[in-house]
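One-letter residues, chain by chain:
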Amino acid sequence: MLSLQFIRENPGAVRKAIGEKNVSLDLDALLALDAEVRALKTRIDGLRAERNAISDSFKSAAPEERPALGAKAKAIGAEISGIESDLGEKQAALDALLLRVPNIPWEGAPVGPDESFNTVVRTEGTIPDFDFTPLDHVALIEKNDWADLARITQVAGSRTYCLKGRLAMLEQALMLWAQQRLAADGFTLMTVPALARPSAFVATGHFPGHEEEAYFMPADDLYLAGTGEIALTSLHSGEIIEADRLPILYAGYSPCFRREAGSAGRDVRGLLRVHQFYKLEQYVICRDDEEESARWHARLLANAEAMLQALEIPYQVIEASTGDMGNGKFRMNDIESWVPSLGKYRETHSCSTLHDWQARRANLRWRDEERKVRFVHTLNNTALASPRILVPLLENHQTADGRVKLPAPLRELMGGDYL
Ligand SMILES: Nc1ncnc2c1ncn2[C@@H]1O[C@H](COS(=O)(=O)NC(=O)[C@@H](N)CO)[C@@H](O)[C@H]1O
């Protein structure tokens, strides 16, 4: 969310962001509502002042004047409550529109309505040149009995899986390895719940707009989050964080649930796109300073790239277009990992700077050195998301005999050179 003051003072920039991010929002209607709300508040203030003047004069008024004064004060009170109910409705309508105002994208973002306008920033790693016909991850799994991808669906429905044996162990080893790396880098590991209130989805910007992507439990008024970002963004809601506690660095580990409502027919084979997965999330709360946010964006991206380099997975870094980055983002870089069986790169990480857009929605504030209370900045990036990361890992490291050679950092944890 942007501040009303910023919107009033920069309507052109906001209108441009609405257009470049393909947001359906009538800014003129928002500004008109804002003017009406301000006019009603001014009117109420005037009437309250008038009523106060009457009550002040009441004491010194002659007895015969008092009934008329009382009647006037009563009439003013009735007029105020009439305006207040109108104000309440208009304020609610204004608040709903404010939640839809997109963040201003950084000037380096490719301008375009969707991911086809994303650009490749850099490509790292060597795409494997197999001297045999490589298998895809499903064939490798079936050959080695590393998961159940079929019978489990009679229990859990489509887009579900059950990792088995060494592959199940590898997922745990990968997560521990990534958690240890982030802990060594100053991030506090947090195992956060997927259960979350609707307000937590509003805070991140998932709601309004993406309600159909989340599983909902009406009896509890709870949703299942698709990312640990949701719990971490609202964890400190309502607090005023002291300057010396910033930056707060969390490594949020959680199960993630997504209905994939809009993905019918896409990635239906295997582990790329499932309803329940596990993610280690890099999350930063820092002071509202654009340079500091830019430094953390680079750090979160570098952390993820370093992991992919250690795992010897070829990848490319993507600069997200204005239409692909989403409402709340100032900047988003995805990392796409090479999937041999598809002959292309597929997204495995997503790194975002949001400035104070989430902080305003989550009421996340800090007290600066001059004791001024301000909204913080938030950032997030995937550290590892499994089982999707297993797809490039298995496929890039497969051998002619259908085994998988483990990248060096995992061999000790996995007790051997091969999965
Ligand atoms: N349905 C899914 N199945 C498997 N993995 C998924 C699914 N949806 C997302 N992911 C993984 O989770 C990563 C992050 O998802 S994201 O929506 O792009 N971004 C976020 O959730 C941010 N909080 C950064 O992690 C993706 O890059 C992908 O690796």
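Since the structure is predicted, the reported quantities are computational estimates derived from the model, not experimental observations.

Time to look at the site of the ligand. Around the ligand, 18 residues are found, and the nearest of them are E229, E260, E281, E347 and T382. Measuring from a nitrogen atom of the ligand, one finds a side-chain N or O atom of T227 at 3.0 Å. Protein coverage of the free-state accessible area of the ligand, which is 580 Å², stands at 90%. When residues of the shell around the ligand are traced back to their parent elements, those giving at least two are β10 (276-286), β13 (344-353) and β16 (377-386). Examining the composition of the shell around the ligand, we find that four residues originate from one element, β13, more than from any other. Across the shell around the ligand, the residue classes tally to four nonpolar, six polar and eight charged.

This paragraph deals with the packing of helix α7 (residues 165-184) against helix α10 (residues 290-310). At their nearest, the axes of α7 and α10 sit 11 Å apart, and the two run at 135 degrees to each other. By the angle between their directions, the pair α7 and α10 is classed as oblique. Considering the relative orientation of α7 and α10, their crossing is right-handed. Each of W177, A178, R181 and L182 in α7 lies in contact with α10, whose residues at this interface are N303, A306, M307 and A310. By residue class, the composition of the contact of α7 with α10 is six nonpolar, one polar and one charged.

What UniProt calls "binding site: L-serine" (unreviewed entry) maps, in this numbering, to T227, R258, E281 and N380. Within the secondary structure, E281 sits in strand β10. When residues no more than four places from it in sequence are discounted, the contact partners of E281 are T227, E229, Y250, A251, G252, N380, N381, T382 and A383. Within the secondary structure layout, N380 lies in strand β16. When residues no more than four places from it in sequence are discounted, the contact partners of N380 are E229, E281, Q282, Y283, L300, S350, C351, S352 and L354. At 3.3 Å, the side chain of N380 forms a polar contact with the side chain of E229.

What counts and how
Numbers given to residues run from 1 along each chain, matching the order in which its sequence is written. Reporting of local features is limited, given that this is a predicted model, to residues whose pLDDT is at least 70; pairs of side-chain atoms are given and counted only at 80 or more, and all residues count toward the totals for whole chains, interfaces and linings. Calculation of side-chain values draws on the structure's entire complement of heavy atoms; hydrogens and water are dropped beforehand. Consider each residue's heavy atoms; a residue with any of them within 4 Å of a molecule or strand counts as near. We call two N or O atoms a polar contact when they sit within 3.5 Å, provided that within protein one can donate a hydrogen and the other can accept it, with sequence-adjacent residues counted only if both atoms are side-chain atoms. Shrake-Rupley sampling with a 1.4 Å probe provides the accessible areas, and residues are treated as covered by the protein chains on show and by no other component. Runs of E in the DSSP output that reach at least two residues are strands. Runs of H or I that reach at least four are helices, and both are numbered from the N terminus. Classification convention: Asp, Glu, Lys, Arg as charged; Ala, Val, Leu, Ile, Met, Phe, Trp, Tyr, Cys, Pro as nonpolar; all other residues, Gly among them, as polar. The axes are straight lines fitted to the C-alpha atoms, using for helices just the contacting stretch, and the angles between their N-to-C directions are given from 0 to 180°. Working definition: roughly parallel below 35 degrees, roughly antiparallel above 145 degrees, roughly perpendicular at 65 to 115 degrees, and oblique for all remaining angles. Helix crossings are classified by the rotation of the near helix relative to the far one: an anticlockwise turn of less than a right angle makes the crossing left-handed, while a clockwise turn makes it right-handed. Any two residues whose heavy atoms approach within 4.5 Å are treated as being in contact. UniProt positions are given in the numbering used here, feature names are shortened, and annotations may be inferred rather than shown by experiment.

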